[in-house]
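Results of the structural survey
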Amino acid sequence: IDGLVEAGYLTSTTAMDLQQLPESLIVVGAGYVGLEQAQLFARLGSKVTVIARSRLTSGEEPEISAALEAVFAHERIDVLVNNAGITTLGSIEECTVAQFRHELDIDVLGVFMGIQAALPKMKIHGGSIINMSSLSGIKASANLVVYNAAKAAVTLMTKSCALHFAQAGYAIRCNSIHPGAIHTPIIDKVLAQSDDPEALYRSFVDVHPVGRLGKPEEIAAIAVYLASDESAFATGAEFRVDGGASI
């Protein structure tokens, strides 16, 4: 933990409070943000299993369920982090039914199936489920109709699961994280394709009152908090990490 303090991931106070971290967790979907989370948990001493997004897109639902259950059957699961997602651009007049279904298959069905597969293990000893939603799960954009629908579904699925777990007496918490724009190599690729990358970058930044984009490690730090016992009273909550964009 001392090394993470020096690297700027955690403050010294937070580090002392986060000693009780999960023994084992599963990260579903390891893009740039998911990879940052997995690496941070590993540095903190947790056993991390990463399931690639491709496991959620190859085959029919029974095959996908079987693949998830096969992985989960051999692992203790203290924390499940559902990261898998894609972003489809377009308005209601531009997007196709095929695009809509593909987005929901990954962003929504992937979360649904991941939780179902993990529950038999997690019901035994409790734990924390962290679903990656988005600023777009609580704030609409004209050219993100499919993505808005998918991430809004994740937001309310999280709350429904949290209520169910509490009412059933399971010691499982379920919360969602809602990042704003995060500066990853994906952003850089988008900028590289623009005729005016500086103006495009400024348009991304201007959405956030703090005047900058987020960093993957800032999202990972919230995931660590939600995985730890320090967040034991938080369930069904939206953790907005968006530089003020949702205000």
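Residues numbered from 1 in each chain as written. Predicted model: local features only at pLDDT ≥ 70, side-chain atom pairs only at ≥ 80, totals over all residues. Heavy atoms only, no water.

**Regarding the pattern of salt bridges**
Should their charged atoms come close, side chains of opposite charge can pair. Overall, the coordinates contain five salt bridges when judged by the stated rule. Of the charged contacts in the structure, one is a salt bridge between arginine 76 and aspartate 78, with a shortest N-O distance of 2.9 Å. Given the relative accessible area of 38%, arginine 76 is considered partly exposed. A salt bridge links aspartate 206 to arginine 202; its shortest N-O distance comes to 3.5 Å. Taken together, the residues span about one helical turn, with aspartate 206 and arginine 202 both in helix 8 (residues 197-206) at a distance of four residues. Residue class for arginine 202 comes out partly exposed when judged on its relative accessible area of 43%. Shared partners join several salt bridges into a network, and the residues in it are Lys159, Glu238 and Arg240. (Salt bridge = Lys/Arg side-chain N within 4 Å of Asp/Glu carboxyl O. Buried < 20%, exposed > 50% of the residue type's maximum accessible area, 1.4 Å probe, protein only. Helix = DSSP H or I, 4+ residues; strand = E, 2+ residues; numbered from the N terminus.)

**Side note on the side chain of threonine 184**
Looking at where threonine 184 falls in the secondary structure, it is placed in the loop between strand 5 (172-179) and helix 7 (185-192). The buried category is assigned to threonine 184, whose relative accessible area is 8%. Not counting chain neighbours up to four residues away, the residues in contact with threonine 184 comprise Tyr32 and Pro216. (Contact = heavy atoms within 4.5 Å.)

**Side note on helix 6 (residues 145-168)**
The end-to-end C-alpha separation of helix 6 is 34 Å, in line with the 34 Å expected for 24 residues at 1.5 Å each. Among the residues making up helix 6, those that are buried are Val146, Tyr147, Asn148, Ala150, Lys151, Val154, Thr155, Met157, Thr158, Cys161, Ala162 and Phe165. Contact partners of the buried residues in helix 6: helix 5 (97-125), strand 4 (127-132), strand 5 and strand 6 (238-241). Two residues or fewer after helix 6 comes glycine 169, characterised by a positive phi angle close to 85°. (Expected span 1.5 Å × (residues − 1).)

**Let's talk about the nonpolar core**
For soluble globular proteins, the rule of thumb is that nonpolar side chains tend to be buried together. One finds Ile26, Phe72, Leu80, Ile115, Met122, Ile129 and Phe165 to be the most contacted residues of the largest nonpolar core, which totals 22 residues. Secondary structure elements with two or more residues in this core: strand 1 (24-28), helix 5, helix 6 and strand 5. Listed in part, the 20 residues of the second largest apolar core include Val79, Ala223, Ala227 and Phe239. (Core = buried A, V, L, I, M, F, W, Y, C linked by side-chain atoms within 4.5 Å.)

**Some details on the state of the cysteines**
Evaluation of the coordinates by the stated rule reveals zero disulfides. The thiol of cysteine 161 is unpaired, and the distance to the nearest cysteine sulfur, on cysteine 174, comes to 5.0 Å. (Disulfide = S-S within 2.5 Å.)

**Details of the pairing of strand 4**
In terms of burial, strand 4 is largely enclosed, as six of its six residues are buried. In strand 4, alternate side chains face the same way, and those of Gly127, Ile129 and Asn131 on one face and Ser128, Ile130 and Met132 on the other are all buried. Bridge analysis of strand 3 (residues 79-82) against strand 4 gives four bridges, and the strand direction is parallel. What sits directly across from valine 81, in strand 4, is isoleucine 130. Bridge count for strand 4 against strand 5 is six bridges, and the pairing is parallel. The partner of glycine 127 across the bridge, within strand 5, is isoleucine 172. Where the polypeptide runs from strand 4 across helix 6 and back to strand 5, its parallel neighbour, the crossover connection is right-handed. (Pairing = 2+ DSSP bridges. Right-handed = clockwise from strand over helix to strand, strands pointing away.)

**Describing the packing of aromatic side chains**
Scanning all chains against the criterion turns up two aromatic pairs. Taken together, a centroid distance of 6.3 Å and an interplanar angle of 45° make the contact between phenylalanine 165 and tyrosine 170 tilted. Accessibility expressed as a relative area gives 1% for phenylalanine 165, which makes it buried. On the accessibility criterion, tyrosine 170 (25% relative accessible area) is partly exposed. (Phe/Tyr/Trp six-rings, centres within 6.5 Å; stacked < 30°, edge-to-face > 60°.)

**What about the confidence of the model for the protein?**
The predicted model of the protein has a mean per-residue pLDDT of 84, with 83% of residues at 70 or higher. For the stretch residues 1-18, pLDDT sits under 50, and the model shows 25 contacts to residues farther than four places along the chain or on other chains. (pLDDT = per-residue confidence, 0-100.)

**Notes on the side chain of aspartate 242**
Residue placement: aspartate 242 occurs in the segment after strand 6. Here aspartate 242 is buried and forms no salt bridge, its nearest opposite-charge partner arginine 240 lying at an N-O distance of 5.8 Å. Separated by 3.0 Å, the side chain of aspartate 242 and the backbone nitrogen of glycine 244 make a polar contact. The residues touching aspartate 242, leaving out its near neighbours within four places in the chain, are Leu135, His178, Pro179, Gly180 and His208. (Lys, Arg positive; Asp, Glu negative; His and termini not counted. Polar contact = N/O pair within 3.5 Å; in protein donor to acceptor, adjacent residues only side chain to side chain.)

**Focus: the pairing of strand 5**
Most of strand 5 sits inside the fold, with eight of its eight residues counted as buried. Side-chain alternation along strand 5 places Ile172, Cys174, Ser176 and His178 on one buried face and Arg173, Asn175, Ile177 and Pro179 on a second face that is also buried.

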